[in-house]
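# A closer look at the structure
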Amino acid sequence: MLARQRQELILDAVRTTGGARVSELVDRLGVSDMTVRRDIEALAGRGLVTRVHGGATAAGSSVDEPGFAVKSGLHTAAKQAIAAAAAGLIEPGASVALSAGTTTHAAASALLPIPRLTVVTNSLRVAEVLHESPRDDLTVVLTGGERTPSDALVGPVTVAALRRLHVDWLLMGVHGMDAEAGFTTPNLVEAETNRALVASARRVAVVADNSKWGVVGLSTIATLDEVDVVVSDAELAPEARTTIEKNCKLVLA
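First, a word on scope: everything that follows refers to the structure included in this document. Treat the numbers as computed from the prediction; the structure is a model and nothing was measured. (Residues numbered from 1 in each chain as written. Predicted model: local features only at pLDDT ≥ 70, side-chain atom pairs only at ≥ 80, totals over all residues. Heavy atoms only, no water.)

The next thing to look at is the side chain of Thr185. Residue position: Thr185 is located in strand 11 (residues 182-185). Setting aside residues up to four positions removed in sequence, Thr185 forms contacts with His175, Glu190, Ala191, Gly217, Leu218, Ser219 and Ile221. (Helix = DSSP H or I, 4+ residues; strand = E, 2+ residues; numbered from the N terminus. Contact = heavy atoms within 4.5 Å.)

What follows is the structure, encoded as structure tokens:
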């Protein structure tokens, strides 16, 4: 198969689902890992896809957001490690808010062993993980609102509910983090809801893998110095580590 043919198939897979993993493309195309990565690099160079760690997503602007299914297949090991490290911040008996996202979804599972928790979330998927637990000392509060591609509940109903709540911790996933733009999302309504989550929390921890650094969405949720902790993975770039540590605590999983 010619390189052009491979790249057309890769582009079709990315456009159909919003993203594709290298391992999936290797199996589908019957070529090596390095060949797929070179093809992705070539497509990215033409502005047709966006390279991410472990695969590619559909190219777009600061307003584009892949769905939950696409994002859940990327950086899975890093997300699990980040989730475990974030859970280590939470003490028994605490009240914790979890925003929507695949990393916070992993964090929901990591929180299950902690006794006497009250969890507030605007994520249907996070709530589902928690509701499946047989524990009787776990209270789950699910906000109302309109559903986004990240399976978040957002909008005025959600914001109104959050304004009346006060939690010990917020574990917040983000679309991107940047030295100047801070923590961002491409969804304006989700940004408003996440700002309400930040306002409801005594302490805020952003949970985000290394691929989020340098990504800027349309709307800023918070600046780097407006959160208490960033929990990321060991692949986070040195310049990102330095910048974050000037503004808040950094935990590397």
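The end-to-end C-alpha separation of helix 3 (residues 33-45) is 18 Å, in line with the 18 Å expected for 13 residues at 1.5 Å each. Three or more residues of helix 3 are buried, namely Thr35, Val36, Asp39, Ile40 and Leu43. The arc enclosing the buried residues of helix 3, seen along the axis, measures out at 135°, which places them on a common side. (Expected span 1.5 Å × (residues − 1). Buried < 20%, exposed > 50% of the residue type's maximum accessible area, 1.4 Å probe, protein only. Arc of directions from axis to C-beta.)

Next up on the list: the sheet that holds strand 10 (residues 176-178). In spatial order, the strands read 10-11-13; together these 3 strands make up an open sheet with antiparallel pairing. Of all strands in the sheet, those with a lone pairing partner are strand 10 and strand 13 (219-222), marking the two edges. Across the sheet, the mean angle separating the axes of adjacent strands is 40° when strand polarity is ignored. Two elements, strand 10 and strand 11, share 3 bridges in a ladder whose sense is antiparallel. Residue pairing for strand 11: Met177 is matched across the bridge by Phe183. Seen against the sheet, helix 9 (residues 188-200) touches strand 11 and strand 13 and runs at an angle of roughly 10° to strand 13. (Pairing = 2+ DSSP bridges. Axes fitted to C-alpha atoms, helices over the stretch in contact; angles between N-to-C directions.)

What follows is about the pairing of strand 15 (residues 249-252). Pairing of strand 14 (residues 229-232) with strand 15, which is carried by 4 bridges, proceeds in the parallel orientation. Looking across to strand 15, one finds that Val230 is bridged to Leu250.

Structurally, Thr148 is set in the loop between strand 7 (146-147) and strand 8 (153-154). The buried category is assigned to Thr148, whose relative accessible area is 8%. Each C-alpha atom of the pair Thr148 and Val189 lies 9.0 Å from the other, and the pair is 41 residues apart in sequence. In this structure Thr148 touches Val154, Asn187 and Glu190, once residues within four positions along its chain are discounted.

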